[in-house]
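What the coordinates show
Each chain, written out:
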Amino acid sequence: METRRPTNPAAEEILGLYFPVLDHGFVSLVDYMGSDEDVERAARVSYGYGTRRTSETRGLIRYLRRHRHTTPSEMVELKFHCALPIFVARQWVRHRAANLNEYSGRYSLLPLLFYTPEPDAFQAQAKTNRQGRGGAPLAEAHADAVARWESLRRLAAEQYEWLVGRDVARELARIDLPLSTYTQWYWKIDLHNLFHFLTVRADPHAQHEIRVFARVIAGMLKRVAPLSFEAWVDYEFRGTHLSRGELDALRRLVGVAGGGLEARPGRVTPEELARLGLSKREVDELLAKIGDARDDEDFDLDLTAARPAEHFAREMEAAVPRVDRR
Ligand SMILES: Cc1cc2nc3c(=O)[nH]c(=O)nc-3n(C[C@H](O)[C@H](O)[C@H](O)COP(=O)(O)OP(=O)(O)OC[C@H]3O[C@@H](n4cnc5c(N)ncnc54)[C@H](O)[C@@H]3O)c2cc1C
């Protein structure tokens, strides 16, 4: 039966396809409700399906996002199926304004799949951003680290198998599985809260392992609501907010004249920035905001990487402890 619901051909094309992320993870767009037109319809509280031109819809959506009129975007929802390491899940669940149902390790046997960082992602503790990593990959230590991870995981997996093999409750058998173990969930979120998730998790400062998931989700969203996505990129993801001190500093260099902008001669020294109330850290952040142009990623999905659900279902099934298959 044909649907009368608003759908988007680009989103329909990827519905139910599974996109690999990290070594054993995936994201799939399971379902969605609404698109850009629904944001507009909700904002105008209008009757029925409209015949407005795309340019009008775009203008309204951009206006709403610029002025943080966000409730119309709560009318669009997206539902995902994801497989992700537990340490990524722990960051992800902090986004409380969403619904999720996780694979039950109390009821089902857990697939013993563990995340191993690629050599490129294996870096030292960052010197400046103290909660991240940075610098050249630690090429020499990678092989040793992998060997150590593997031996630890072998022990943890054997212990899990031993316990479930003796019919110990699964809720107890799992307690020493490492944070690298993959879990799965269904996750549903509205467009407004998804933008917040993407703003912080697709950001270059986010941990690499959650950022790669966020980027795939961003690519999916681009297909569901392309005009809203474009506005988010322009005003939030590649845009920025400025504090009073930062604005005062910029006003010393740029003025308003004749309906346009006018450059003012001179420079604002670090001492003047300090006098304007900016701490050393704020100065660094201001310089980064202006100096570092965001990389120009387009978030387009690589459709050739997509797999059918069965591909991952088989991998998960094969990783469930042998005791279950006797
Ligand atoms: C760089 C970075 C570092 C972080 N470090 C840590 C860390 O060290 N430890 C840690 O625990 N978390 C950390 N977080 C998580 C962070 O503090 C937020 O919990 C997370 O980004 C989710 O944001 P949120 O609460 O706005 O989103 P959601 O939970 O999705 O909430 C959405 C919005 O709903 C409202 N809301 C939701 N729940 C409540 C509530 N109970 N009361 C009032 N308003 C509510 C708020 O307006 C909120 O912005 C970090 C996040 C980032 C990006």
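The structure presented is a predicted model; accordingly, all values stated were derived computationally and were not measured.

Let's shift gears to the overall build of the protein. Tallying secondary structure elements over the protein gives 13 helices and nine strands in all. Along the first, second and third principal axes, the C-alpha atoms of the protein reach 80 × 60 × 35 Å. Considering only intrachain contacts with a sequence separation of at least 6, the fraction spanning at least 24 residues in the protein is 72%.

This paragraph deals with the site of the ligand. Surrounding the ligand, one finds R94, H95, R96, A97, N193, H196, V200 and H205. Here the residues of the shell around the ligand sort into two nonpolar, four polar and two charged.

Further remarks concern helix α12 (residues 280-291). An ideal rise of 1.5 Å per residue puts 16 Å on twelve residues; α12 measures up with 16 Å between its terminal C-alpha atoms. Little of α12 sits out of view: just one of its twelve residues are buried.

A separate point is the packing of helix α2 (residues 36-44) against helix α3 (residues 54-66). With their axes 10 Å apart at the nearest point, α2 and α3 run at an angle of 70 degrees to one another. Comparing their axes, α3 and α2 come out roughly perpendicular. Residue-level contacts link D36, E37, V39, E40 and A43 of α2 to T57, L60, I61 and L64 of α3. Broken down by class, the residue content of the contact of α2 with α3 amounts to five nonpolar, one polar and three charged.

Another point: unusual backbone geometry. One non-glycine residue with positive phi stands out, namely L22, at about 55 degrees. Residue position: L22 is located in the loop between β1 (18-21) and β2 (25-33). In this structure, D167 is a non-glycine residue whose phi angle is positive, near 60 degrees. Of note, D167 is situated in the loop between α5 (139-165) and α6 (170-173).

For the protein, the assigned domains read domain 1 (9-238 + 294-325) and domain 2 (244-291). Using C-alpha coordinates to define each centre, domain 1 is positioned 37 Å away from domain 2.

Okay, the environment of H192 next. Position of H192 among the secondary structure elements: in helix α7 (residues 191-201). Residue H192 is classed as partly exposed on the basis of its 18 C-beta neighbours within 10 Å. Along the chain, H192 and V88 lie 104 residues apart, while their C-alpha atoms are 21 Å from each other. Discounting residues that sit within four places of it in the chain, H192 has contacts with T70, S73 and E74.

Looking now at the nonpolar core. Within soluble globular proteins, side chains that are nonpolar tend to cluster in buried spots. Counting 49 residues, the largest nonpolar core has V27, F213, I217 and L221 as its most contacted members. Residue contributions to this core peak at ten residues, all from helix α8 (residues 208-224). Every residue in contact with V27, bar those within four places of it in the chain, is listed here: F19, V21, F80, C82, F213, V216 and I217.

Time to look at the sheet that holds β1. Strand order across the open sheet formed by five strands is β1-β2-β3-β7-β4, with antiparallel pairing between neighbours. Strands at the two margins of the open sheet, each flanked by one partner only, are β1 and β4 (99-102). With direction set aside, neighbouring strand axes in the sheet form an average angle of 20 degrees. Where α7 meets the sheet, it contacts β3 (77-85) and β7 (182-190), and its direction lies at approximately 130 degrees from that of β7. Running over the sheet, α8 touches β1, β2 and β3 and is turned about 155 degrees from β3.

As defined by bridge partners, β2 adjoins β3 across seven bridges and the pair is classed as antiparallel. Paired with V27 across the two strands is C82, which belongs to β3. Strand direction decides the pairing type here: β3 and β7, joined by nine bridges, are antiparallel. Following the sheet pairing, L84 is matched in β7 by T183.

Quick look at α5 now. Its 27 residues place the ends of α5 39 Å apart at the C-alpha level, agreeing with the 39 Å of an ideal helix rising 1.5 Å per residue. D167 sits one or two positions beyond α5 and adopts a positive phi of about 60 degrees.

As a further point, take the packing of α3 against helix α9 (residues 226-237). Axis separation between α3 and α9 bottoms out at 9 Å; the angle between their running directions is 40 degrees. Taken together, the axes of α3 and α9 are oblique relative to one another. The two elements α3 and α9 cross, and the hand of that crossing is right-handed. Residues T57, R58, I61, R62, R65 and R66 of α3 form the contact with α9, whose participating residues are L227, S228, A231, W232 and Y235.

Parameters at a glance
Residues numbered from 1 in each chain as written. Predicted model: local features only at pLDDT ≥ 70, side-chain atom pairs only at ≥ 80, totals over all residues. Helix = DSSP H or I, 4+ residues; strand = E, 2+ residues; numbered from the N terminus. Contact = placed C-beta atoms within 7 Å. Near = placed C-beta within 6 Å. Nonpolar A, V, L, I, M, F, W, Y, C, P; charged D, E, K, R; others polar. Expected span 1.5 Å × (residues − 1). Buried ≥ 20, exposed ≤ 12 C-beta atoms within 10 Å, placed from the backbone. Axes fitted to C-alpha atoms, helices over the stretch in contact; angles between N-to-C directions. Parallel < 35°, antiparallel > 145°, perpendicular 65-115°, else oblique. Domains from an automatic or database assignment. Core = buried A, V, L, I, M, F, W, Y, C linked by C-beta atoms within 7 Å. Pairing = 2+ DSSP bridges. Left-handed = near helix turned anticlockwise from the far one by under 90°.

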